[in-house]
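# Descriptive structure summary
Here is how the chains run, residue by residue.
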Amino acid sequence: MTTTPDARPTPDDVRAAAEILHGAAHRTPVLTSRLTDAELGATVLVKAENLQRTGSFKFRGAFHTLSRLDAGRRRAGVVAYSSGNHAQALALAAQLQEVPATIVMPQDAPASKIAATRGYGARIVHYDRYTEDRAVIAAELADRSGLTLVPPYDHPHVIAGQGTAVLELLEDHGPLDALFVCLGGGGLLSGSLLAVQALSPGCAVFGVEPEASDDGRQSLRAGRIVSIPQPRTIADGAATRHLGDLTFPIIAEHVTDVLTVPDDALITAMALFASRYKVVVEPTGVLAFCGMRAAIAADPERFAGKRIGVTVSGGNVDLDRFASLVGTG
Ligand SMILES: *Cc1c(COP(=O)(O)O)cnc(C)c1O
């Protein structure tokens, strides 16, 4: 049984989600760097969701969505298909709320990710990614066992949960002039746009995508959801093929623009971010930071003296991969 309530989420839903997440999710720190501010001629505030539970903002949407299920659905359990951050987030959120969780993962997913997900108590169902369709497998499990499918982005409770990261940033630091948010399926960006409507309505908001995965930019230009073939990029967390039926209209209506950055710029940004802020982030995690730097380089006057927010979305990268990407291995 799949339930995707189709009501469009509102700024009030983000505030309500923040109350539910209070005490369950970390209120992540906001990082600053005087060197970065001096270099860019602006005040840059980085919301560090790499320090969120399970290492990404996905915990917010997952925990919030589970907490809104009725008792019967909670008893029956939830299912998700993901080999990435959504799987780990849902597994921990389910363990904390004592809801059984099943995660559909490819047989050849990295052992560390399978172990982490299993470590949070989830049941893993493997599939062959070359011959089987994970969405079909998850739908069958949902039908057969009455599980509720929790999608990674296109769900109102997921969107409202993801929006709480930027809500916290605005609560802690006041209104901003501009905000940069990474863009995959658009859960984080659409939730952030709702938070901005609530607490900083004048703020310009930019989505940032990998260049190879520019479906969001294409969709914005076309005025409809554009699907692309499976993209190849080191920013695997944002390698989605299309936006969602719920995320697209919010983005289309409220976003200022969608920018793209190439993978080589992401690698440079990962190294720079680590040296400036002393934290390690995954390639997808620095998308917004990278896009912010490119936007300021392209038009310094537009951003001079402004207060700029940046989401850093996740930190789940093996150290040897990090080292080989940034070339210090
Ligand atoms: C999922 C994810 C994204 C993309 O988020 P969407 O809500 O799909 O746009 C970006 N960064 C990280 C680290 C993620 O896990």
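Thresholds applied
- Residues numbered from 1 in each chain as written.
- Predicted model: local features only at pLDDT ≥ 70, side-chain atom pairs only at ≥ 80, totals over all residues.
- Heavy atoms only, no water.
- Near = heavy atom within 4 Å.
- Polar contact = N/O pair within 3.5 Å; in protein donor to acceptor, adjacent residues only side chain to side chain.
- Areas by Shrake-Rupley, 256 points an atom, 1.4 Å probe, with all protein chains shown as cover.
- UniProt positions renumbered as here; feature names shortened; annotations may be inferred.
- Helix = DSSP H or I, 4+ residues; strand = E, 2+ residues; numbered from the N terminus.
- Phe/Tyr/Trp six-rings, centres within 6.5 Å; stacked < 30°, edge-to-face > 60°.
- Buried < 20%, exposed > 50% of the residue type's maximum accessible area, 1.4 Å probe, protein only.

What follows deals with the site of the ligand. Lining the immediate environment of the ligand, one finds 16 residues, of which Lys58, Asn85, Gly184, Gly186 and Ser313 sit closest. At 2.8 Å, a side-chain N or O of Asn85 approaches an oxygen atom of the ligand. Between the ligand and Gly185 there is a distance of 2.8 Å, counted from an oxygen atom to a backbone nitrogen or oxygen. When the ligand is considered free in solution it has 390 Å² of accessible area, and contact with the protein chains removes 97% of it.

The feature "domain: Tryptophan synthase beta chain-like PALP" (unreviewed entry), as annotated in UniProt, sits at residues 25-314 in this numbering. Helix makes up 46% of residues 25-314 and strand 17%, and the two end C-alpha atoms of the span are 14 Å apart.

With that settled, the discussion passes to the packing of aromatic side chains. Evaluation of the coordinates by the stated rule reveals 7 aromatic pairs. Between Phe180 and Phe303 the ring centres are 6.0 Å apart and the planes differ by 50°, which places this aromatic pair in the tilted class. Here Phe180 is found in strand 7 (residues 178-182), whereas its partner Phe303 is found in helix 15 (residues 300-303), with 123 residues between them in sequence. With a relative accessible area of 0%, Phe180 lands in the buried category. Relative to Phe289, the ring of Phe273 lies with its centre 5.0 Å away and its plane at 80°, an arrangement referred to as edge-to-face. Here the residue Phe273 occupies a position in helix 13 (residues 263-277), and Phe289 occupies one in helix 14 (residues 287-298), the gap between them amounting to 16 residues. Across the pair, Phe289 and Phe273 agree in class, each one buried. Among the aromatic side chains, those forming a connected cluster through ring pairs are Phe180, Phe206 and Phe303.

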